[in-house]
Amino acid sequence: MSADAREATGEEPDQAKEGYGHLTPRMAVQLAAPHTWVAAILPALVAASAAAVTSPGISVAMACVLLVICVLMQAAVNTFNDYYDYVKGTDSADDNVDPTDAVLVYNNVNPRAALALAIGFLVAAFALGAYVIWVAGWIPLAIGIVGALFVVLYSAGKTPLSYLPIGELVSGGVMGGLIPLACYQALTGVFDLRALLWAVPTIIGVGLVMLTNNTCDVEKDACAGRRTLPVLLGRPQARSLYHALVFAWIAAIVVIVAGFFTNGLVVMPFMLLAAYPLVNALLKNPLVPASRIGAMAQICGVNVALGAFYAAAILASGVVVTV
């Protein structure tokens, strides 16, 4: 049966129709893809840092709950994506992916178990969200519902958002933008759109994770009928855009710190020194299928470095130095 027919009937690939093995805890963790959680952890960290220096005080318990919710949402995105890519037949053992990143391809597991796991991640996130709603009101709920809708639409449906040239914008906007906005409101009780402005670096950083993957997968995605941004641009132009966004990412951090968290500028030289070798290696990556695994590790590493120093700069801006 073709991938299109399989998708239309809701059937899984034929490689393991019978005799499925169990979805083990180890496989569940692999589906959740902890190495990608930086896309959720760092936006929450930046929001918590901003809340800490712009409000009288924040709840550590609330910050921890928000962090867990963000991780659960990211885990749901990863698991939904793996499930739908497998069902649609777009994932295979020839895609230059680590076996731990393609659980359904390399293991005889019922795909429906992965779908149930993804739904479970979302349910757990909303269950924890009840505490946030009780403390902070309906605004985080509204933002969370919007985020959850995009989580599902990103992978599900006849034409998922990840198949369109807006995948980077959606992933960056939801994980890098809505997360800080919701977290800031929950921690401070104030709905402040400046939180979106402060989230510009995390929006770019998260979007670049998707752009890395899509640029490496240009040929595969074109064959699968995906019209991602790199497919439309072609790899040379996509890499040019990629490099421009990396520099814009760094510049955005420096400009925002200078404009809103001025005392944190002392951290910027250390950020640039620490990030230079990581960014340099990333910019040299050809972003081809054979370098996909390395490129994903590199972009996650750069996210950690820039995100951590950005949060540190925000926190440093609230430190009062006396002589």
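Here the structure is shown first, and the text comes after it.
Every chain's residues receive numbers from 1 upward, in the order its sequence appears when written. Confidence filtering applies because this is a predicted model: local features only for residues at pLDDT of at least 70, side-chain atom pairs given and counted only at 80 or more, and all residues used for totals across whole chains, interfaces and linings. Calculation of side-chain values draws on the structure's entire complement of heavy atoms; hydrogens and water are dropped beforehand.

### Section: the packing of helix H3 (residues 38–54) against helix H8 (residues 167–188)
Next up, step 1: At a minimum axis separation of 8 Å, H3 and H8 run at an interaxial angle of 35°. For the pair H3 and H8, the sense of crossing is right-handed. When H3 is examined against H8, the residues Ala39, Ala40, Pro43, Ala44, Ala47, Ala48, Ala50, Ala51 and Thr54 are found in contact with a partner set consisting of Met175, Gly176, Ile179, Pro180, Cys183, Tyr184, Leu187 and Thr188.
Next up, step 2: Residues were grouped as follows: Ala, Val, Leu, Ile, Met, Phe, Trp, Tyr, Cys and Pro as nonpolar; Asp, Glu, Lys and Arg as charged; and all remaining residues, including Gly, as polar. Of the residues contributing to the contact of H3 with H8, the split by class is 14 nonpolar, 3 polar and no charged. Orientation is described by axes fitted as lines to C-alpha atoms, over the contacting stretch for helices, and by angles from 0 to 180 degrees between their N-to-C directions. Runs of H or I in DSSP of at least four residues are treated as helices and runs of E of at least two as strands, each being numbered from the N terminus. By convention the crossing between two helices is left-handed if the near helix lies anticlockwise of the far one by an angle smaller than a right angle, and right-handed if it lies clockwise. We call two residues in contact when some of their heavy atoms are within 4.5 Å.

### A look at the packing of aromatic side chains
Next up, step 1: Here a Phe, Tyr or Trp ring, Trp counted by its six-membered ring, pairs with any other such ring whose centre lies within 6.5 Å, and the pair is stacked when the planes are under 30 degrees apart, edge-to-face when over 60, and tilted otherwise. Summed over all chains, the structure comprises 7 aromatic pairs.
Next up, step 2: Judged by centre distance (4.9 Å) and plane angle (80°), the ring pair of tyrosine 83 and tyrosine 84 falls under edge-to-face.
Next up, step 3: Working definition: with a 1.4 Å probe on protein chains only, accessible area under 20% of the residue-type maximum means buried, over 50% means exposed, and in between means partly exposed. What makes tyrosine 83 buried here is its relative accessible area of 6%.
Next up, step 4: With a centroid separation of 6.4 Å and 45° between ring planes, the pair formed by tyrosine 131 and tryptophan 134 is classed as tilted. One end of the pair is tyrosine 131 and the other is tryptophan 134, both in helix H6 (residues 111–136) and 3 residues apart, which spans about a single turn.

### Describing the pattern of salt bridges
Next up, step 1: By definition, a salt bridge exists where a carboxyl oxygen of Asp or Glu is found within 4 Å of a side-chain nitrogen of Lys or Arg. All chains considered together, the criterion is met by 4 salt bridges.
Next up, step 2: Residue arginine 235 is joined to glutamate 219 by a salt bridge in which the shortest nitrogen-to-oxygen separation is 2.7 Å. Residue arginine 235 is located in helix H13 (residues 235–260), and its partner glutamate 219 is located in helix H11 (residues 218–223); the two are separated by 16 residues in the primary sequence.
Next up, step 3: Taking relative accessible area as the criterion, glutamate 219 reaches 40% and is therefore assigned partly exposed.

### Notes on helix H4 (residues 60–87)
Next up, step 1: Here the expected length of a helix is defined as 1.5 Å per residue gap, with one fewer gap than residues. Helix length check: H4 (28 residues) gives 41 Å between terminal C-alpha atoms against 40 Å at 1.5 Å per residue, within 8%.
Next up, step 2: Of the residues that open H4, the one with a side-chain oxygen 3.4 Å from the backbone nitrogen of alanine 61 is serine 59. Residues adjacent in sequence count toward polar contacts only when both atoms are side-chain atoms; beyond that, a polar contact is any pair of N or O atoms within 3.5 Å, and within protein one must be able to donate a hydrogen and the other to accept it.

### Description of the packing of H4 against H8
In a pair of packed helices, the angle between the axes and the distance between the axes together describe the arrangement.
Next up, step 1: Relative to each other, H4 and H8 sit at 155°, their axes nearing to 10 Å. Taken as axis vectors, H4 and H8 run roughly antiparallel relative to one another. Handedness of the H4/H8 crossing: right-handed. Judged by residue contacts, Met62, Ala63, Leu66, Cys70 and Gln74 of H4 engage Met175, Ile179, Cys183, Ala186 and Leu187 from H8.
Next up, step 2: In terms of residue class, the contact of H4 with H8 is built from 9 nonpolar, 1 polar and no charged. Should an angle fall under 35 degrees it is taken as roughly parallel, and over 145 as roughly antiparallel, whereas 65 to 115 is taken as roughly perpendicular and any remaining angle as oblique.

### Considering unusual backbone geometry
Next up, step 1: Here alanine 33, not a glycine, exhibits a phi torsion of approximately 55°, which is positive.
Next up, step 2: Judged by relative accessible area, alanine 33 falls into the buried class, the value being 8%.
Next up, step 3: Positive phi is not limited to glycine here, since leucine 287 has a value of about 55°.
Next up, step 4: With respect to the element layout, leucine 287 can be found in the loop between helix H14 (268–284) and helix H15 (292–316).
Next up, step 5: On the accessibility criterion, leucine 287 (0% relative accessible area) is buried.

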